[in-house]
Amino acid sequence: MAAAGRKHLVKDFNHFITCYLCRGYLIKPTTVTECLHTFCKSCIVQHFEESNDCPKCGIQVHETNPLEMLRLDNTLEEIIFKLVPGLREKEEQQELDFWKKNQPKENGQESLRCQRPGHPDGGAAGGGEDDGDGGEDGDYHRSDPQIAICLDCLHNTGQTGESTVTDLMKRFIRCSSRVTVGTIKKFLSLKLKLPSSYELDVLCNGEIMGRDHTLEFIYMTRWRLHGENTYPMVLEYRPRIDFG
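Residues numbered from 1 in each chain as written. Predicted model: local features only at pLDDT ≥ 70, side-chain atom pairs only at ≥ 80, totals over all residues. Heavy atoms only, no water.

Caption draft 1: Here's a closer look at the packing of aromatic side chains. Applying the stated criterion across every chain yields a total of zero aromatic pairs. Over the ring of Y20 we find R23; its NZ or CZ atom is 4.9 Å from the centre of that ring. (Phe/Tyr/Trp six-rings, centres within 6.5 Å; stacked < 30°, edge-to-face > 60°. Lys NZ or Arg CZ within 6 Å of the ring centre and 35° of its normal.)

Caption draft 2: Geometry of the nonpolar core. Of all hydrophobic cores here, the largest spans 45 residues; its most connected members are I149, L151, I184, L215, M233 and L235. L151 has contacts with L168, R171, I173, I184, F187, L188, L235 and Y237, leaving out every residue within four places of it along the chain. (Core = buried A, V, L, I, M, F, W, Y, C linked by side-chain atoms within 4.5 Å. Buried < 20%, exposed > 50% of the residue type's maximum accessible area, 1.4 Å probe, protein only. Contact = heavy atoms within 4.5 Å.)

Caption draft 3: Fine view of the pairing of strand β6 (residues 200-204). With five of five residues buried, β6 is to be regarded as a mostly interior element. Here β6 shows no split at all, with L200, V202 and C204 on one side and D201 and L203 on the other all buried. Sheet topology places β6 next to strand β8 (residues 233-239); four bridges connect them, and they run antiparallel. Of the residues in β8, the one forming a bridge with L200 is P239. Where β6 folds back on strand β7 (residues 207-208), the antiparallel hairpin that results is connected by two residues, among which N205 adopts a positive phi of roughly 55 degrees. (Helix = DSSP H or I, 4+ residues; strand = E, 2+ residues; numbered from the N terminus. Pairing = 2+ DSSP bridges.)

Caption draft 4: Representation of the sheet that holds β6. Spatially, β5-β4-β8-β6-β7 is the arrangement adopted by the five strands of the open sheet, whose pairing is mixed. Strands at the two margins of the open sheet, each flanked by one partner only, are β5 (172-176) and β7. Across the sheet, helix α6 (residues 181-191) lies against β4 (146-153), β5, β6 and β8, angled at about 125 degrees from β6, the strand it touches most. With respect to the sheet, helix α7 (residues 215-223) is in contact with β4, β5, β6, β7 and β8, its orientation differing from that of β8 by roughly 105 degrees. (Axes fitted to C-alpha atoms, helices over the stretch in contact; angles between N-to-C directions.)

Caption draft 5: Geometry of unusual backbone geometry. In the Ramachandran plot, R23 falls in the positive-phi region, its phi being about 70 degrees despite a non-glycine side chain. Among the structural elements, R23 can be located in the loop between α1 (14-17) and β1 (29-32).

Caption draft 6: Representation of the pattern of salt bridges within the structure. One pass over the full model with this rule turns up eight salt bridges. For E78, the salt bridge goes to R88, with nearest N and O atoms at 2.8 Å. On the criterion of sequence distance, the pair formed by E78 in helix α3 (residues 74-83) and R88 in helix α4 (residues 87-102) is long-range, its members being ten residues apart. D152 is paired through a salt bridge with R171; the nearest N and O atoms lie 2.3 Å apart. Linking D152 in strand β4 with R171 in the loop between β4 and β5, this pair joins segments that are 19 residues apart in sequence. A cluster of three or more residues bridged by salt bridges with shared partners is formed by E78, K82 and R88. (Salt bridge = Lys/Arg side-chain N within 4 Å of Asp/Glu carboxyl O.)

Caption draft 7: Fine view of α6. Of all eleven residues that make up α6, eight are buried, and the element is covered over most of its length. Positioned one or two residues after α6, K193 has a phi angle of 55 degrees, which is positive.

Keep in mind these values describe shape, not function.
Below you can see the structure in the form of structure tokens.
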């Protein structure tokens, strides 16, 4: 009974909720998918500017771009905020003070940041092309894990209307890894000025991807499994082929 009623102190969990690099509480906990070690987002990003290895276990995370192997752990972040009283408020205030001090007063941008202390990123980092599904807070999924992709037009398919589907002026984009193939198709239709009824196929390694597949799913199950593939992930598009 005594053991069951024992109260745990926050310091009992410090081993699980502190960053190996800065020794402070994990802020925006970010996990290395290759070894599952977790660090503060800013700490691990800064570390990967100098090294491709995990700072804790030494495993090579990626040959050229270890940032692709990072995933935010929002669940752990919420647990830490619940365990450590006042940590969330302190971090939000520090973010707010930082943007007040460093954001230039142009086009009302500073006031926009001040209205959104719960979203300190505010679109300043990891931006790139938005996926067309911005959400109510206007964050445009920039706080999601990001992925870079190349969109290539697949030529010489012999399909009618092939001349309508051309190369993009800018083939490389960076967006949320949670973007779906359906959203990529909408993006392509918009950029190529295609009729709303026009259908496209999106392929990875020659395989047609389902409309609800996310870029993260495709990367992990289609692109990454081929050792010869390099960064960024390449998706091809073409006029839809009706096999019926």
